[in-house]
Structure formats: structure tokens, C-alpha cells
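These are the residues of each chain, in order.
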Amino acid sequence: TGSVRGFPIGSRPAFSILHGPRGFSRFRNIANFDDMADWDDARLEAYIRNGMAGVVPRPEITGNDLRALKYWVRRLSLKGNRSPIDPGPEDSDDQAPVISQVSTNRVNPTALRVNWRTQKPTLGIVHHGVDAAPERFMDRGIVYTRYPRWSAMESDYSLDHSVVLQNLPPNKPTHFAIRAKDRAGNQTVTADTLVNPDGTSCTGQDGDLNCDGLTNVVDLQICVNVATNVDRDPDHRRRAERWRQESGRTTLSEACDELARRIVRS
């Protein structure tokens, strides 16, 4: 329907909202599906990514998301009812982006800059709020979070990223998670990160689960206690989950084993 799953809609309405579910808009005299079905790929793709007759560009619609939307438009047209529509080849890239080198700095008491890097070109957005959002659920391979707000979306795909969170409540902590999407449509979402009002943060990166700047047996004990539900501290659990993602392990127990190996090697 012209919305990328996992990305907020807000001022970015779905294609079906602008054009109607059958391709005939009630807003104004804009192209309908029958018109668009005769356009070549380049013209239709440019029309979609430039806002689909709306005022907000849609750089997030690429790869398999764009392929599906083009097929939907053409399939529902008169042309699509008369003859088969070839959707074209799927993008073969099925590797999720990897987010690394996350850092933050306070711009002012109500603004926070979030920086990160990905191993391949991606488009990013930052979900955030004053409370942690551990409630996550997955639908058709996409992880969803329950943060109440989100940043402006980046305008293009790149390796190095920087987004400013605006209008934050002063003297309050900020919790956030980064969502990255590559051109094929694969997505990654980081674990919750906490930034205190003074700008300090602790995410569990490198296995530092107690935020003392070191990675040692104290962190290993926290990891084991969280994995076995002995430790129910939400901050410890959030950092342990961050370490699990960073270590590339499936379970917390496996992440604790990897942390033990790292401590021994050091």
C-alpha cells in the first residue's frame, strides 16, 4: 500500500491514502493507476520516491518494497486486468544491515545528536522516548518497537549517519533505538540505549554491563544472572540484550559464553 513496514507513517501517507485503494484519488486531479500503468519503470519509480503526488519525498521505498508497489499499481489497472503483469526480479540481497559505532552528544538541553555507521548503504530513523521500550514484536520478519516518537528520516542511503532528536524534555533521560533499512528492504533495529541528561550513556557495548568502563567477571556475572532470570534489573537486561546483538548470538546464554571467552582472551 505504499508504506514501508516498521517505518512510521505520520506525515508520510501510504500510496492508497493519496490515490485511493483502487487508484482513483478523491483529493484532486492526479494520475490514476490506469495512467501510471503505461509509464516505464524509471518514470514510475521517480514518481513514487518523489512523494506520489504528495509533498513528502519517500526515499525509504526502494528494492523489493518499490517492486511490490509498482506491481500493485499495474496489477489493479485496466491493463493489469487484461494481461499478466511481470513484477520483475526480486532483489537477492537478504543480509540485514549491521549498526556499529553508535555515539551521542548533547546539542542543547532539548536536542541530542545520534551518530552511527553501517557496513553498507542504509537509510535510518531513530525511535525515542523518555522511557525504555523493551516491548518488541516481530511481524513477517520486521521488528517493531513501541517508542512514542521518532526523528526525521534521513534523506538518502549512506554508510555514516547522524540524526538530531529535537524537542526533548529537558532534564529527562532519553531512550532510543536506531532503525536502519538497506536498499533491498532488509532492516535492523538496535537495542534500547539510554542517554542521561548530562549526556553520558551506557548501552552494554563491548560487554560492559555495569557501565564502569571495563569488561570483566563482574559483567559476566550480570550476564549470567540476567540469562537465568536471577537479575531482573531492566537496565542490566537492556545492556545484556545489546551485548547479545553485538556478539551476534541467538540467546543470552550464548552471548554470556562469548563474553567469557572475550574476558579470557583479554
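Residues numbered from 1 in each chain as written. Predicted model: local features only at pLDDT ≥ 70, side-chain atom pairs only at ≥ 80, totals over all residues. Heavy atoms only, no water.

K.L.:
Would you mind going over the overall build of the protein in detail, with residue names and values included?
P.N.:
When its secondary structure is counted, the protein shows 8 helices and 10 strands. The buried share of the protein, taken over its 266 residues, is 43%. Taking all contacts inside the protein whose residues are at least 6 apart in sequence as the whole, residues at least 24 apart take part in 61%. Only carbon and sulfur atoms are counted for the fraction: they give 50% of the accessible area of the protein, which is about 13,900 Å². (Helix = DSSP H or I, 4+ residues; strand = E, 2+ residues; numbered from the N terminus. Buried < 20%, exposed > 50% of the residue type's maximum accessible area, 1.4 Å probe, protein only. Contact = heavy atoms within 4.5 Å. Areas by Shrake-Rupley, 256 points an atom, 1.4 Å probe, with all protein chains shown as cover.)

K.L.:
Could you give an account of the pattern of salt bridges, naming the residues involved and the relevant values?
P.N.:
Under the definition given, this model contains 15 salt bridges. Arg117 serves as the salt-bridge partner of Asp160, at 2.7 Å between the closest nitrogen and oxygen. Taken together, the residues span a long stretch of sequence, with Asp160 in strand S6 (residues 158-165) and Arg117 in strand S2 (residues 111-129) at a distance of 43 residues. For the salt bridge of Arg265 with Glu258, the shortest nitrogen-to-oxygen distance reads 3.4 Å. Of the residues examined, Arg265 reaches a relative accessible area of 58% and is grouped as exposed. Taking the relative accessible area as the measure of exposure, Glu258 reaches 12% and is therefore buried. (Salt bridge = Lys/Arg side-chain N within 4 Å of Asp/Glu carboxyl O.)

K.L.:
Describe the nonpolar core, listing the residues and the values that go with them.
P.N.:
Counting 19 residues, the largest nonpolar core has Met36, Trp39, Tyr47, Ile48, Met52 and Ile61 as the members making the most contacts within it. Those elements that provide at least two residues to this core are helix H2 (33-36), helix H3 (41-49), helix H4 (63-75) and S2. Judged by nonpolar contacts, the second largest core, of 12 residues, contains Ile99, Leu165, Ala180 and Val195. (Core = buried A, V, L, I, M, F, W, Y, C linked by side-chain atoms within 4.5 Å.)

K.L.:
I'd like to hear about the packing of aromatic side chains, residue by residue, with values.
P.N.:
Applying the stated criterion to the full structure yields 2 aromatic pairs. With centroids separated by 5.3 Å and ring planes inclined at 70°, the aromatic side chains of Phe33 and Trp72 adopt a geometry described as edge-to-face. Taken as a pair, Phe33 in helix H2 and Trp72 in helix H4 lie far apart in primary sequence, 39 residues in all. Judged by its relative accessible area of 1%, Phe33 is buried. With a centroid separation of 5.1 Å and 75° between ring planes, the pair formed by Trp39 and Tyr47 is classed as edge-to-face. On the accessibility criterion, Trp39 (13% relative accessible area) is buried. (Phe/Tyr/Trp six-rings, centres within 6.5 Å; stacked < 30°, edge-to-face > 60°.)

K.L.:
Can you tell me about the state of the cysteines, naming the residues and giving the values?
P.N.:
Working definition of a disulfide: a covalent bond connecting the sulfur atoms of two cysteines. Summed over all chains, the structure comprises 1 disulfide. Each sulfur in the disulfide pair Cys223 and Cys256 lies 2.1 Å from the other. The sign of the S-S torsion, about -95°, decides the handedness of the disulfide formed by Cys223 and Cys256: left-handed. Residue Cys223 is located in helix H6 (residues 217-227), and its partner Cys256 is located in helix H8 (residues 252-265); the two are separated by 33 residues in the primary sequence. Neither Cys223 nor Cys256 differs from the other in exposure class; each is buried. (Disulfide = S-S within 2.5 Å.)

K.L.:
Describe the pairing of S2, with residues and values.
P.N.:
A regular strand places its side chains on the two faces of the sheet in alternate fashion. With 15 of its 19 residues buried, S2 lies for the most part within the structure. Joining the antiparallel neighbours strand S1 (residues 99-108) and S2 is a turn of 2 residues. In this sheet, S6 lies alongside S2 in antiparallel orientation, the contact comprising 7 bridges. When the bridges of S6 are listed, Thr122 appears paired with Ser158. Relative to strand S5 (residues 149-150), S2 runs antiparallel, the two being bridged by 2 bridges. (Pairing = 2+ DSSP bridges.)

K.L.:
Help me get a handle on H3, residues and values and all.
P.N.:
Given 3.6 residues to a turn, an α-helix orients residues that are three or four positions apart in the same direction. Those residues of H3 lying buried are Leu44, Tyr47 and Ile48. Buried positions in H3, seen along its axis, are confined to an arc of 95° and lie on one side of it. Looking at the residues trailing H3, positive phi occurs at Gly51, about 125°. (Arc of directions from axis to C-beta.)

Geometric values such as these leave the question of function open.
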